Amino acid sequence: MPTASESSLMTPCDDIYLSIAIPTPLRQMFDYLPPDSAADLQPGMRVQVPFGPRKLIGIIESIKPDSDYPKDKLKKVSALPDQQSLIPDDIMQLCRWASSYYHYSLGETLLQALPKALRQGKPASREKVALWSLSAPLDEDTTASLKRAHKQLKAVQWLSEYPEGISEPELREVGFSKAILTQLQKKQLVQVREIELLDRPFTEYQNPVRQTSLTLNPEQAFALEGIQETSSFHPILLDGVTGSGKTEVYLQAIEATLKAGKQALVLVPEIGLTPQTVKRFRSRFSVPVACLHSGLSDGERLQGWLAASRATAGVLIATRSGIFTPMPKLGLIIVDEEHDNSYKQQDTLRYNARDLAIYRAKIADCPVVLGSATPSLETLVNARKGRFSHLEIKIRAGHSKPPTLELLDIRQQILHEGFAQSLLTRMRDTLDKGEQVMVFLNRRGYAPSLICHDCGEVTDCPHCDAHMTLHRQPPHMHCHHCDYQTTIPWSCPKCHSKNLQPVGQGTERCEQVLEQMFPDTPLIRVDRDSTRRKNALSEILDTIHTGEPCILLGTQMLAKGHHFPDVTMVAVVNADSGLFSSDFRGLEKMGQLILQVAGRAGREKKPGHVVIQTHNPQHPALQMLVSQQYSRFADKLLSERKQLKLPPEGYLALFRTESHSSTAAENLLKGLRNLLLNHLQDGSVRVLGPIPAPMEKRQGRYRYQLFLQSYQRPALHRTLDLAVKHLDGMKLPKGVRWTLDVDPQEMT
Ligand code: ADP
Ligand code: ZN
Ligand code: ZN
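Numbering of residues starts from 1 in each chain and follows the order in which that chain's sequence is written. Chains and ligands are labelled by the order in which they are written, letters from A for the one and numbers from 1 for the other. Selection of residues for local features in this predicted model requires a pLDDT of at least 70, selection of side-chain atom pairs for listing and counting requires 80 or more, and totals for whole chains, interfaces and linings are taken over all residues. Note that water and hydrogens are dropped before the side-chain values are worked out from all heavy atoms of the structure.

Participant: What should I look at first to understand the coordination of the zinc ion (ligand 3) in this one?
Facilitator: When a metal holds four donors in a tetrahedron, each ideal angle between them is 109.5 degrees; when it holds six in an octahedron, the ideal angles are 90 or 180 degrees. Only N, O and S atoms count as donors, using a 2.8 Å limit from the metal and a wider 3.2 Å limit for Na, K and Ca, and since water is excluded some coordination spheres may look unfilled. At the metal site, the zinc ion (ligand 3) is ligated by Cys461 (SG), Cys464 (SG), Cys479 (SG) and Cys482 (SG), and these contacts range over 2.3 Å. Think of it this way: with four donors and all angles in the 85 to 135 degree range, the site is tetrahedral; with four or six donors, opposite ones beyond 155 degrees and the rest between 65 and 115, it is square planar or octahedral; otherwise it is irregular. One can describe the donor arrangement at the zinc ion (ligand 3) as tetrahedral, given that its four donor atoms subtend angles of 105 to 115° at the metal. When the donors of the zinc ion (ligand 3) are listed by position in the chain, the intervening gaps give C-x2-C-x14-C-x2-C. Separated by 21 residues along the polypeptide, Cys461 in the loop between strand 19 (449-452) and strand 20 (469-472) and Cys482 in the loop between strand 21 (475-478) and strand 22 (485-486) bring together distant segments of the chain. Note on accessibility: Cys461 and Cys482 belong to one class, buried. Put simply, DSSP H or I for four residues or longer makes a helix, DSSP E for two residues or longer makes a strand, and each gets a number counted from the N terminus. Whether a residue is buried, partly exposed or exposed follows from its accessible area with a 1.4 Å probe, protein chains only, as a fraction of its type maximum: under 20%, in between, or over 50%, in that order.

Now the structure itself:
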């Protein structure tokens, strides 16, 4: 709301009012007057405005000839940081759509479309960058001298491809750390110089491609044709088994896009952006490939964003938020592993980047490819209803055969710390053949709980309805829900017994067990704890790629995108937890994860085998998965969803409340439900709840949920509008917060 301006002595330009988006949760724009020296004002420009006692960065949402407020009550924009607009029309349109679809403040939506540095008011300019290059062309002597320094050799070979030099973050993204560069610098093999980056359009490169592409097999070729059928908007599901060469299809589609003078946007899951992936793209294309992901500093992200938005980069590979990056010549969007949960943002603007990708492609009038070996049910339904074209690749590319899957019935079997004897024997056989084994366990830490053997007391998080996980490296208790950490108790708080025992298996414990059982085999653990250090993952991957027999033990970090040529056996320690999840998507997620993990096996010439330990070998879902009939598995899930009117057979929205008082959290939703029930006469929208969240208490707050369900999207959204208006208009009880999640992915 505009507040009275203290002194508007100057007369600003005639009858121009600026509607400014400001990062506040208030669902409204704020009117301001243009600054005195109003240059060429455009929507999407940043402004600095006085807001209460503060100065904030906002964005011009629109320029209009009048205002609902008298001119002398309006304040003036205090500064214009940029000459041009940073948010072009198409991104503005995307943000408007997202803001209305997710019922979230347009101001915050627009601001979060910008990289943090720009939100903070930093200049939108290219900085000087340090470019590394070879001191002299690569010759045989140099190559020979680095024979023992494998990593350094790889780095000079990589640098030899970039005579013009390459920046440090770009080298880091493909797995070369600063340490390697300094070692090479000491040997005077590489040099570094600071230069001002020029905005050279990617279209000026004579040939955007540096490496020839593979010859596609017939299914791949058919898929590529499908993508290239027209350059206008058409959504495609590229449904190809793991290792079927989807990435090769993307690369060739991008090649054609670049040759047509257009840019390509590739979205990847949070942990799918490995040095291997980036390397594959950078080795293929000679035009700059920009990246945006969480491993970059704010400054580096800004540079990547500028490269894409000024069309100096031809390709942008990005995680979720990359969907908001301006790309003036956008000609193709790819969403890899479209089923992945990380495309859904779980706080603030709860968008799904995959869904926004469809809308963005519509605006840009270009093809959009959703790729997966295990498509989400939402996407499958869209394909079956003919909204998306459905292209399948059923065989693996090159010479590799599909892995075989097997359920290992562990009922009544003696387990050695969770491993059946026959599984251990199989692992031993594989290692003896000189091959690698991957062990999958989706739980980090040592043990998921610590129990008192004398009285049964379990160590719980004081802030959540959850057990504390025991960690040994370093020793501590950790709540994986609120991050609360404490020391390992010496004795039971209830009966003072010292007899505390870890219950269940985490990766650390598994590591200990396997080290004892396979003392001569290197064991590599990959989880969030073991890869916290910068470059840790990249170093781990290097070890694996030496091809020596080893055991790779890890969580879902291992499941995605990696290509481990020498892994021929995959062991899934426990498939049962996913079978009985309280979340209606639990089974879908478990199936996807198992097939993705299985997809890591036997990716080259040696065939792969997957052993899944379970107490429920007769479970129909597991049966379908092991016979690798993902589409039958999906059919079964879909018919269940239909019966329960759950997505994708209906639309869902979820109001959440939380508060230190459980009644306050519940009452707010009760009030909302009553209001809605009074308005909903036609039964088009069902209201369920309020019920306590599956984890009722988290971080010291009580949490409640109210579900809205409908077969008709417009009816659901009309109801949501009403609900949001009601909540916005009321004075909330102290300490109560509410959020709305449209198309929720997780019911937590
Ligand atoms: P996906 O993305 O479907 O998992 P990739 O594109 O990573 O599959 O391909 C798997 C492996 O097969 C890679 O090593 C890739 O180089 C190889 N490959 C892909 N397409 C072909 C092809 N047409 N001919 C030979 N090898 C191929
Ligand atoms: Zn006790
Ligand atoms: Zn907790």
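Participant: Whenever I open this one, the sheet that holds strand 1 (residues 17-21) confuses me. Can you help?
Facilitator: Through backbone hydrogen bonds, the strands of a sheet pair up, either in parallel or in antiparallel fashion. At least two DSSP bridges between two strands are required for those strands to pair. The strand order across the open sheet formed by four strands is 2-1-4-3, and the pairing between neighbours is antiparallel. Where the open sheet ends on each side, the last strands, each with one partner, are strand 2 (30-32) and strand 3 (46-51). Recorded for the sheet is a direction-independent mean angle of 50° between the axes of neighbouring strands. In this structure, strand 3 lies alongside strand 4 (residues 54-64), joined through six bridges in antiparallel fashion. Residue pairing in the sheet places Phe51 in a bridge with Arg54 of strand 4. Angles run from 0 to 180 degrees between N-to-C directions of axes, and those axes are lines fitted to C-alpha atoms, restricted for helices to the stretch in contact.

Participant: Mind showing me how you'd approach the coordination of the zinc ion (ligand 2) here?
Facilitator: Taken together, the protein donors to the zinc ion (ligand 2) comprise Cys452 (SG), Cys455 (SG), Cys492 (SG) and Cys495 (SG), at separations of 2.3 to 2.4 Å. Each of the four donor atoms around the zinc ion (ligand 2) contributes to a set of angles spanning 103 to 113°, which defines the coordination as tetrahedral. Between consecutive donors of the zinc ion (ligand 2), the numbers of intervening residues give the motif C-x2-C-x36-C-x2-C. One end of the pair, Cys452, is in strand 19; the other, Cys492, is in the loop between strand 22 and strand 23 (500-503), with 40 residues separating them in the sequence. Of the two residues examined, Cys452 and Cys492, each falls in the buried class.

Participant: What is the right way to read the sheet that holds strand 11 (residues 315-318) from this model?
Facilitator: Overall, parallel pairing links the seven strands, which are arranged 10-11-9-12-13-8-14 in an open sheet. Unpaired on one side and paired on the other, strand 10 (289-292) and strand 14 (389-393) mark the two borders of the sheet. Pairs of neighbouring strands in the sheet enclose a mean axial angle of 20°, with direction left out of account. When strand 12 (residues 330-336) meets strand 13 (residues 367-372), the two strands line up parallel, connected through four bridges. Bridged to Val335 within strand 13 is Leu370. Against the sheet, helix 10 (residues 275-284) touches strand 9 (263-267), strand 10 and strand 11, its axis set at about 160° to strand 10. Relative to strand 12, helix 12 (residues 353-364) is tilted by about 165°, and along the sheet it contacts strand 8 (234-240), strand 9, strand 12 and strand 13. The contact definition used throughout considers only heavy atoms, calling two residues in contact when any of these lie within 4.5 Å.

Participant: What is the right way to read the site of ligand 1 from this model?
Facilitator: The near set for a molecule or strand comprises every residue that places at least one heavy atom within 4 Å of it. Surveying the vicinity of ligand 1 reveals 17 residues, the closest of which are Thr215, Gln220, Lys246, Thr247 and Arg280. As used in this structure description, the phrase polar contact means that two N or O atoms lie within 3.5 Å; if the pair is within protein, one of them must be able to donate a hydrogen and the other to accept it, and residues adjacent in sequence are counted only when both atoms belong to side chains. In the environment of ligand 1, an oxygen atom lies 2.9 Å from a nitrogen or oxygen atom belonging to the side chain of Arg280. In the complex, the protein chains occlude 78% of the 570 Å² of accessible area that ligand 1 would expose alone. In terms of residue count, helix 9 (residues 246-259) provides more of the shell around ligand 1 than any other element does, three residues in total. Following the grouping adopted for this structure description, the nonpolar residues are Ala, Val, Leu, Ile, Met, Phe, Trp, Tyr, Cys and Pro, the charged ones are Asp, Glu, Lys and Arg, and the polar ones are all others, Gly among them. For the shell around ligand 1, the residue count by class is four nonpolar, nine polar and four charged. Using the Shrake-Rupley algorithm and a 1.4 Å probe, accessible areas are obtained, with residue cover drawn only from the displayed protein chains.

Participant: Explain helix 8 (residues 218-228) to me, please; I cannot follow it from the model alone.
Facilitator: One turn of an α-helix holds 3.6 residues; hence residues three or four places apart share an orientation. Among the residues of helix 8, those classed as buried are Gln220, Ala223, Leu224, Gly226 and Ile227. Mapping the buried residues of helix 8 onto a view down its axis gives an arc of 155°, with all of them on the same face. The exposed residues of helix 8 that point more than 90 degrees off its buried face are Pro218, Phe222 and Glu225. Contact partners of the buried residues in helix 8: strand 8, helix 9, strand 12, strand 13 and strand 14. As used here, the arc belongs to the directions running from the helix axis to the C-beta atoms.

Participant: Looking at this structure, how should I read empty space enclosed by the protein?
Facilitator: Once rolled over the atoms, a probe with the size of a water molecule shows which space is left empty. A pocket here means an open set of points on a 1 Å grid, computed over the protein atoms alone, that has protein on both sides within 12 Å along at least five of seven lines. A cavity is instead a set of points where a 1.4 Å probe fits but cannot get out; residues with an atom within 4 Å of a point line either one. Grid points are joined across faces, edges and corners, and a volume is the space filled by probe spheres set on the points. Under the defined criterion, the tally for this structure stands at one cavity of 30 Å³ or more. Each pocket or cavity is described by its volume, and for the largest cavity that value is around 70 Å³. If you trace the largest cavity, you find it lined by Glu338, His339, Asp340, Asn341, Asn352, Arg354, Ser376, Glu378, Arg585, Glu588, Lys589 and Gln745. Class assignment for the residues of the lining of the largest cavity results in no nonpolar, five polar and seven charged. Residue ranges assigned to each domain were obtained from an automatic or database domain assignment. Shared between two domains, the lining of the largest cavity holds at least three residues of each, these being domain 3 (202-387) and domain 4 (404-443 + 506-639).

Participant: Teacher, can you tell me more about the environment of Leu189 here?
Facilitator: Residue position: Leu189 is located in the loop between helix 7 (178-186) and strand 7 (190-196). In contact with Leu189, not counting residues within four places along its chain, are Ser133, Leu134, Ser135, Ala136, Thr142, Leu146 and Leu184.

Purely geometric stuff here, so don't read any function into it on its own.
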